[in-house]
Amino acid sequence: MSGVLSLTVGADEGDQRLDRWLRRQFPQLNQIAIEKMCRKGELRVDGGRVKPATRIEAGQQVRVPPLPDASAAPAVVRAPRPGTPSEADAAMIQAAVLWKDQHIIALNKPPGLPSQGGSGQGNRHVDGLTAALMFGYKDRPKLVHRLDKDTSGVLLLARTDRVARGLSEAFRHRDTRKIYWAAVAGVPHPRMGTIRFGLIKGGHDSERMICIHPSKVDQTEGAKRATTDYAVLDNLGSRASWCALVPITGRTHQLRAHMAELGHPIVGDGKYGGSGQENLGDGWGAQLGGEISRKLHLHARSLTVKHPITGEMLTITAPLPEHMARTWETLGWSERDVPADPFAEVL
């Protein structure tokens, strides 16, 4: 029997069901055992009783009672890694490396590649391909945050446990600055502003977030406050615009839901913009038509964080993925014409 464990939910592990998170940490546990621990009050989150379906957040403390098989308790809060990636996948993920040193690896995550595994995905996700990113180290690098499957751009991995803890703390306490680029339907007005709608999961699609007016967030069960800064960098008449987005909070699908609520969904976003809606101008409609790709046009352009070992400020910038680069060329938008941080003058 193992002793009582107190585990911290990682920065990239929040906003998921407790039972699913627990089974990833302890594969020997089944659903019946988890439900029994909850009923008896042995399994607790931040000291409180919970249900298997309770959603956990990054930074919360999970108390786990003694388990039958001590050898199964992981040294790190992560399920066992999948096998060795194929040569093609290894070459793909290595080609995505933007920058690395002895402590950190920065990737330009391709669109369509999940950060972590899920049902039916096998090991073809960033977390499952880290064996190809060891570069002489004995341990695989560790994810310290995530990007949605269809979102491309800067993704950091830590090469040691010490660095993973430091970066996780930085993300948890929002000591990072992330700037996303997106093509959106229409042109937001004003051209620079802040979106403060809260978010809650709802409807028949449990993965879709619904916006809640800021004045109603505290009265809406399950709603969480969310804040996004945006700035229009360029536009094509009234049909589409190039926006920089900064997520002040880090909620699921925050940028996609917020821009749709504003009436300017991100191009290619079938979940929030309607995959069949053509954009004829003045906002709404997730598709521009013609030669514009139907893929999601959302890219984590840059990430700034204090290096946990050297203390220096590190800024990583990722080139646009192929489908977005083609759109930018078609619409006549140039990276040379915009500032790296359009919000710098108002900070």
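Model, not experiment: these values are computed from the prediction.

1. Observations concerning the UniProt feature "active site" (unreviewed entry) in the protein chain
Summarizing the sequence annotation, UniProt attributes the feature "active site" (unreviewed entry) to D148 in the numbering used throughout. With respect to the helices and strands, the residue D148 is situated in the loop between β9 (142-143) and β10 (152-158).

2. Quick look at the confidence of the model for the protein chain
Scored by pLDDT, the protein chain comes out at a mean of 87, with 87% of its residues at no less than 70. In the predicted structure, residues 70-82 sits below a pLDDT of 50 and forms 33 contacts with residues beyond four places in sequence or in another chain.

3. Re the pattern of salt bridges
This structure, assessed with the given rule, holds 12 salt bridges. A salt bridge links R256 to D148, with the shortest nitrogen-to-oxygen separation between them at 3.7 Å. With R256 in helix α5 (residues 254-261) and D148 in the loop between β9 and β10, this pair connects stretches of sequence that are 108 residues apart. Assessed through its relative accessible area of 27%, D148 is described here as partly exposed. One connected set of salt bridges, linked through shared partners, spans D148, R256 and D269.

4. What about the sheet that holds strand β3 (residues 44-45)?
In spatial order, the strands read β1-β6-β3-β4; together these four strands make up an open sheet with antiparallel pairing. Either end of the sheet is taken by a strand with one partner, and the two such strands are β1 (5-8) and β4 (48-49). Of the pairings in the sheet, the one linking β1 to strand β6 (residues 61-64) comprises four bridges and is antiparallel in character. Within β6, the residue paired with L7 across the bridge is V62. Strands in contact with helix α1 (residues 18-25) are β1, β3 and β6; relative to β6, the strand with the most contacts, it is inclined by about 65°.

5. What to know about the packing of α1 against helix α2 (residues 31-39)
Their axes nearest at 11 Å, the elements α1 and α2 cross at an angle of 120°. The orientation of α1 relative to α2 falls into the category oblique. Crossing hand, α1 versus α2: right-handed. Contacts between α1 and α2 involve D19, L22 and R23 from the former and Q31, I34 and M37 from the latter. Looking at the contact of α1 with α2 residue by residue, the classes come out as three nonpolar, one polar and two charged.

6. Comments concerning the nonpolar core
Among the nonpolar cores identified, the biggest contains 27 residues, and I93, V126, L245 and L298 are the most heavily contacted of them. Put simply, the parts of the chain that give this core at least two residues each are α3 (87-95), β8 (104-109), β10, β11 (176-185), β15 (228-236), β16 (240-247), α5 and β17 (298-306). For this core, the element with the highest residue contribution is β11, accounting for three residues. When residues of this core are sorted by domain, at least three fall in each of domain 2 (87-170) and domain 3 (179-274 + 282-331).

7. Things to note about α2
Taken residue by residue, α2 has I34, M37 and C38 as its buried positions. All buried residues of α2 lie within an arc of 100° about the axis, which places them on one face of the element. Exposed residues lying more than 90 degrees from the buried face of α2 are I32 and R39. In this structure, the buried residues of α2 make contact with α1 and β4. A distance of 3.3 Å separates the backbone nitrogen of I32 from a side-chain oxygen at the start of α2, and that oxygen is part of N30.

Reading guide: rules and limits
Residues numbered from 1 in each chain as written. Predicted model: local features only at pLDDT ≥ 70, side-chain atom pairs only at ≥ 80, totals over all residues. Heavy atoms only, no water. UniProt positions renumbered as here; feature names shortened; annotations may be inferred. Helix = DSSP H or I, 4+ residues; strand = E, 2+ residues; numbered from the N terminus. pLDDT = per-residue confidence, 0-100. Contact = heavy atoms within 4.5 Å. Salt bridge = Lys/Arg side-chain N within 4 Å of Asp/Glu carboxyl O. Buried < 20%, exposed > 50% of the residue type's maximum accessible area, 1.4 Å probe, protein only. Pairing = 2+ DSSP bridges. Axes fitted to C-alpha atoms, helices over the stretch in contact; angles between N-to-C directions. Parallel < 35°, antiparallel > 145°, perpendicular 65-115°, else oblique. Left-handed = near helix turned anticlockwise from the far one by under 90°. Nonpolar A, V, L, I, M, F, W, Y, C, P; charged D, E, K, R; others polar. Core = buried A, V, L, I, M, F, W, Y, C linked by side-chain atoms within 4.5 Å. Domains from an automatic or database assignment. Arc of directions from axis to C-beta. Polar contact = N/O pair within 3.5 Å; in protein donor to acceptor, adjacent residues only side chain to side chain.

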